[in-house]
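Read off the chains here:
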Amino acid sequence: MIKKNKHNMIKFFNNLKLIYVTFLLFAAAFYNNLNAQNTNSDFALWNSIGVDYSFNNKLKIGIEYNLRLKEKSSVIDEVFSEIYLEYEIFKNFEITGGARFIKEKDNQGKKQGNEHHFRYNFDASYKHSIKSLEISYRFRYQNKNELGILKEDGDIPGQNVRFKTSFEYSIKKWPLDPEFSVELFSKIESQTKMQLNKYRLTFGTDYKTKDLGKIGIYYRFEEDINTDNSPKERLSILGLKYSYSI
């Protein structure tokens, strides 16, 4: 009995250390963001609601609606709907194709107003577990361009390659398993040249219910890198999401 209690106490403190270290990393990033020099910093609120349907154990379709706020979460930045199709090729390896219809609020410069964009992406994802830790990897290619503007008028599609690594730690008898992820963005500038231009850190958790779906919350920090003379863009984000699976 004493040995069992001792084992549970050790496990509890190991879990506590993991959460504490993760919290310190994000606190340091947030403090650095507030005290940054030569940067444009903002706080955003991202909200999403979605539903997905599984045809079988391998094929799933989903749709999401998203609202994103900028300028201290006081102004609409983007509103978009997204549809995606996900297929599991073999255990723990999936490919996904998605399409996003975006309405952006441009309130900078001489020409302001709403812009309409279309974005599509292709993903390849793989995950595996090491005891209570689940590690997943996602490679994404995305292509985005503004609708209603010809290439001759200056509409050049923006192409990016993204690589994301996520860590989720499962804690027994605790519904809010912490998840941390790192994502790198590389802009495709030509057929032979790519440049790393942004990174993103995310810490969050999900609460799953049996009948009412899944509710999630996260804090996200992202920053532009490899900028020349212009100030770096830094963004702190609070995210709320809800999804329901059929």
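Residues numbered from 1 in each chain as written. Predicted model: local features only at pLDDT ≥ 70, side-chain atom pairs only at ≥ 80, totals over all residues. Heavy atoms only, no water.

A.B. asks: It is not clear to me how the packing of aromatic side chains should be interpreted in this structure. Could you clarify?
C.D. replies: Each pair of aromatic rings is reported with the distance of its centres and the angle of its planes. Inspection of the entire model under this criterion finds 7 aromatic pairs. Considering the side-chain rings of Tyr-120 and Phe-122, the 5.9 Å spacing of their centres and the 65° angle between planes classify their relative orientation as edge-to-face. Among the residues examined, Tyr-120 registers a relative accessible area of 29% and is labelled partly exposed. Ring pairing ties together the aromatic residues Phe-101, Phe-118, Tyr-120, Phe-122 and Tyr-141, which thus form one cluster. For Arg-68, the ring lying beneath its charged end belongs to Trp-46, and the centroid distance is 3.6 Å. Above the plane of the ring of Phe-185 lies Lys-198, whose end atom (NZ or CZ) is 4.5 Å from the centre. (Phe/Tyr/Trp six-rings, centres within 6.5 Å; stacked < 30°, edge-to-face > 60°. Buried < 20%, exposed > 50% of the residue type's maximum accessible area, 1.4 Å probe, protein only. Lys NZ or Arg CZ within 6 Å of the ring centre and 35° of its normal.)

A.B. asks: When you look at the side chain of Gln-142 in this model, what are you seeing that I'm missing?
C.D. replies: On the secondary structure map, Gln-142 appears in strand β6 (residues 133-146). A residue is classified by how much of its surface remains accessible, and Gln-142, at 9% relative accessible area, is buried. Polar side-chain contacts of Gln-142 include one of 3.3 Å to the side chain of Arg-119. Those residues in contact with Gln-142 that sit more than four places away from it in its chain are Arg-119, Tyr-120, Asn-121, Gly-158, Gln-159, Asn-160 and Arg-162. (Helix = DSSP H or I, 4+ residues; strand = E, 2+ residues; numbered from the N terminus. Polar contact = N/O pair within 3.5 Å; in protein donor to acceptor, adjacent residues only side chain to side chain. Contact = heavy atoms within 4.5 Å.)

A.B. asks: Please explain the environment of Leu-69 as it appears in this structure.
C.D. replies: Checked against the element boundaries, Leu-69 lands in strand β2 (residues 59-70). The class for Leu-69 is buried, based on a relative accessible area of 16%. The sequence separation of Leu-69 and Ala-44 amounts to 25 residues, and the corresponding C-alpha distance is 5.4 Å. Sequence-distant contacts of Leu-69, that is, excluding residues within four places in its chain, are made with Ala-44, Leu-45, Trp-46, Val-75, Ile-76 and Asp-77.

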